[in-house]
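Secondary and tertiary structure notes
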2 protein chains.
Amino acid sequence: MRDAYHEELDALTDKLVEMTRLVRSAISRATIALLDADLQLAESVISRDAEVNAIFEEIETTIFDLMARQQPVAMDLRLVITALRMGTDLERMGDLAVHVAKVARLRHPDSAIPAEIRSTILEMGQIAENLVTKAGSSVAARDVDSAMELEQDDDAMDRLHRRLFKTILAKDWSHGVEPAIDITLIGRYYERYADHAVRVATSVVYLVTGTRTA
Amino acid sequence: MRDAYHEELDALTDKLVEMTRLVRSAISRATIALLDADLQLAESVISRDAEVNAIFEEIETTIFDLMARQQPVAMDLRLVITALRMGTDLERMGDLAVHVAKVARLRHPDSAIPAEIRSTILEMGQIAENLVTKAGSSVAARDVDSAMELEQDDDAMDRLHRRLFKTILAKDWSHGVEPAIDITLIGRYYERYADHAVRVATSVVYLVTGTRTA
């Protein structure tokens, strides 16, 4: 049987996995809100970010408590430090999904996304979801191998990001400056979301191996 | 006399202050590189970011060592956790200065900044420098009051950021899409730089008072 201390450590992992689920749902809904100019969905992403923040606060409180009371060492110490870092990244991913949703809300009832880049944004959204799903599985299973895979998906995100710039800088871009600005920011939000998902996975590698790779 | 353990803790603070100096110099040089289309200066920002990263690695190594060997408690524990968070923010500020410098490099020998927004960018650079200078003093002196002041400077940054968008979205904007994209990204980099500086100051408040405000 696990003692109360180890149950608290297990609960930390569960909460991080729950955060990955919430920020995955957030980026998924934000992408749809953006593509379908769905105001209600955009609002739901914005208001439900409070849930992500609340879990992160619980994680922080648990960690500060644990460190003050239990003085964890070795693997347990790595877990609490890593959890703090992962939580910070996941909280930021929630913020980035909110930023995407806010662009959708700002342009409603229009869509911020012209027809010719819809498929690129859709793909960016899908890669973002894949990344955070894998990050979540890595955290849950402490799986280093699948954590390592994330770097490749991140390369795919970078390629899409470049394609986005190519489109808005092409001679036949007919939508002017405002949509170009929206798309520049949106592209940046997806790219940063992906970077943070990779960092979560990198933290799993550190947690399991004790080796910091980034 | 301080023992070796407390000397290590003091050295942590010194290294964080050194990081604030380096990332202040980086954003200062990046701003000039951008405004003067100074390639050499841009290159120096990009290459010297390695110094920031190296100090952060030293900080991380010290912290992981300290935690494993000494099991710090109470105030010392707060210091090491806070140092890790501050280091993460400062390292990111270095990256953001590099992003600004890379735009300068990309557009060289042209300037990425049209005449009518030079003064806004200059001001954003100055506020960024002020913020990180104050953050550095707060860290060095563990000064909560001056840490609190940073929020106001950050408001000034947000106002400048909005002014930037207003200019590139105005009817008389004559520079087309590419400079608008550059400026959108540059504006975002300064804004994020400022956010991280505020987070460093917020961490000082937590360090001294034990109260987390963000």
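These numbers come from a predicted model, not from an experiment.

Structural notes on the packing of aromatic side chains
The description of an aromatic ring pair uses the distance of the two centres, along with the angle that the planes make with each other. For the coordinates displayed, the defined rule picks out two aromatic pairs over all chains. Arranged with centres 5.2 Å apart and planes meeting at 65 degrees, the rings of Tyr-206 of chain A and Phe-64 of chain B form a pair that is edge-to-face. Of this pair, Tyr-206 of chain A sits in helix α6 (residues 177–209) while Phe-64 of chain B sits in helix α2 (residues 39–70), placing the two residues on different chains. An identical accessibility class is assigned to Tyr-206 of chain A and Phe-64 of chain B; each is buried. One cation-aromatic arrangement involves Arg-78 of chain A over Tyr-206 of chain A; the distance from NZ or CZ to the ring centre is 5.7 Å.

Some remarks on the environment of Leu-131 of chain B
All names here are of chain B. Structurally, Leu-131 can be placed in helix α4 (residues 118–141). When the C-alpha atoms of Leu-131 and Ala-33 are compared, they prove to be 20 Å apart, with 98 residues separating the residues in sequence. The residues touching Leu-131, leaving out its near neighbours within four places in the chain, are Leu-150, Asp-153, Asp-154, Ala-194, Ala-197 and Val-198.

Concerning the interface of chain B and chain A
At the junction of the two partners, chain B supplies 33 residues and chain A supplies 33 residues. Of the roughly 2800 Å² buried at the junction of chain B and chain A (both faces included), carbon and sulfur atoms supply 64%. Between the two partners, chain B and chain A, sit two salt bridges. The closest approach of N and O atoms between Arg-85 of chain B and Glu-60 of chain A, which form a salt bridge, is 2.7 Å. The interface formed by chain B and chain A holds two residue pairs in polar contact (both at pLDDT 80 or more) in total. If you list the elements that add at least two residues to the side of chain B that touches chain A, you get α2, α3 (74–107), α5 (144–169) and α6 (177–209) of chain B. Here the side of chain B that touches chain A gets 11 residues from one element, more than from any other, and that element is α6 of chain B.

A closer look at the environment of Arg-199 of chain B
Relative to the assigned elements, Arg-199 of chain B resides in helix α6. Ignoring any residue separated from it by four or fewer positions in sequence, one finds Arg-199 of chain B in contact with Thr-88 of chain A together with Arg-85 and Asp-89 of chain B. A polar contact of 2.8 Å, which involves the side chain of Arg-199 of chain B, links it to the side chain of Asp-89 of chain B.

Quick look at the relation of the copies chain B and chain A
Rotating chain B by 180 degrees and translating it 0.0 Å along the rotation axis places it on chain A, where the RMSD comes to 0.0 Å. On the angle and the small slide along the axis, the relation comes out as a two-fold axis. Looking at the rotation axis and the C-alpha trace of chain B, the residue lying nearest is Val-177 of chain B, at 2.7 Å. In this assembly, 100% of the residues forming the interface of chain B have copies in chain A that are likewise at the interface, indicating an isologous arrangement.

Here's the deal with the nonpolar core
Leu-34, Ile-121 and Tyr-190 of chain A together with Leu-34, Ile-121 and Tyr-190 of chain B are the most contacted members of the largest nonpolar core, which totals 159 residues. Here Tyr-190 of chain A is in contact with Ile-27, Thr-31, Leu-34, Val-100, Ile-121, Met-124, Gly-125, Ala-128 and Met-157 of chain A, once residues within four sequence places are set aside.

Topic: the UniProt feature "domain: PhoU" (unreviewed entry) in chain A
Those places that UniProt annotates as "domain: PhoU" (unreviewed entry) correspond, in this numbering, to residues 16–103 and 121–203 of chain A. End-to-end, the C-alpha atoms of residues 121–203 of chain A are 28 Å apart, and along that stretch the chain is 89% helix and 0% strand.

Description of the packing of helix α2 (residues 39–70) of chain A against helix α3 (residues 74–107) of chain A
Residue and element names in this part refer to chain A. α3 packs onto α2 with a crossing angle of 165 degrees between their chain directions and a minimal axis gap of 9 Å. The angle between α2 and α3 places the two elements in the roughly antiparallel class. At the point where α2 passes α3, the crossing takes the left-handed sense. For the contact of α2 with α3, the per-class residue count stands at 20 nonpolar, four polar and seven charged.

Here we look at α6 of chain B
It helps to recall that an α-helix has 3.6 residues per turn; residues three or four apart then point in one direction. Compared with an ideal rise of 1.5 Å per residue, which puts 33 residues at 48 Å, α6 of chain B spans 48 Å between its outermost C-alpha atoms and is within 8% of the ideal. Just downstream of α6 of chain B lies Gly-210 of chain B, where phi reads positive at about 80 degrees.

Considering the environment of Asp-65 of chain A
Note that Asp-65 of chain A resides in helix α2. Between the alpha carbons of Asp-65 of chain A and Met-19 of chain A there is a distance of 20 Å; along the sequence they are 46 residues apart.

Here's the deal with helix α1 (residues 4–36) of chain B
Across its 33 residues, α1 of chain B extends 47 Å between first and last C-alpha, which sits within 8% of the 48 Å expected from 1.5 Å per residue. Looking one or two residues past α1 of chain B, Ala-37 of chain B carries a phi angle of roughly 50 degrees, positive in sign.

Analysis parameters
- Residues numbered from 1 in each chain as written.
- Chains lettered and ligands numbered in written order.
- Predicted model: local features only at pLDDT ≥ 70, side-chain atom pairs only at ≥ 80, totals over all residues.
- Heavy atoms only, no water.
- Phe/Tyr/Trp six-rings, centres within 6.5 Å; stacked < 30°, edge-to-face > 60°.
- Helix = DSSP H or I, 4+ residues; strand = E, 2+ residues; numbered from the N terminus.
- Buried < 20%, exposed > 50% of the residue type's maximum accessible area, 1.4 Å probe, protein only.
- Lys NZ or Arg CZ within 6 Å of the ring centre and 35° of its normal.
- Contact = heavy atoms within 4.5 Å.
- Buried area = accessible area lost by both parts, 1.4 Å probe.
- Salt bridge = Lys/Arg side-chain N within 4 Å of Asp/Glu carboxyl O.
- Polar contact = N/O pair within 3.5 Å; in protein donor to acceptor, adjacent residues only side chain to side chain.
- Least-squares fit on C-alpha atoms with pLDDT ≥ 70 in both.
- Core = buried A, V, L, I, M, F, W, Y, C linked by side-chain atoms within 4.5 Å.
- UniProt positions renumbered as here; feature names shortened; annotations may be inferred.
- Axes fitted to C-alpha atoms, helices over the stretch in contact; angles between N-to-C directions.
- Parallel < 35°, antiparallel > 145°, perpendicular 65-115°, else oblique.
- Left-handed = near helix turned anticlockwise from the far one by under 90°.
- Nonpolar A, V, L, I, M, F, W, Y, C, P; charged D, E, K, R; others polar.
- Expected span 1.5 Å × (residues − 1).

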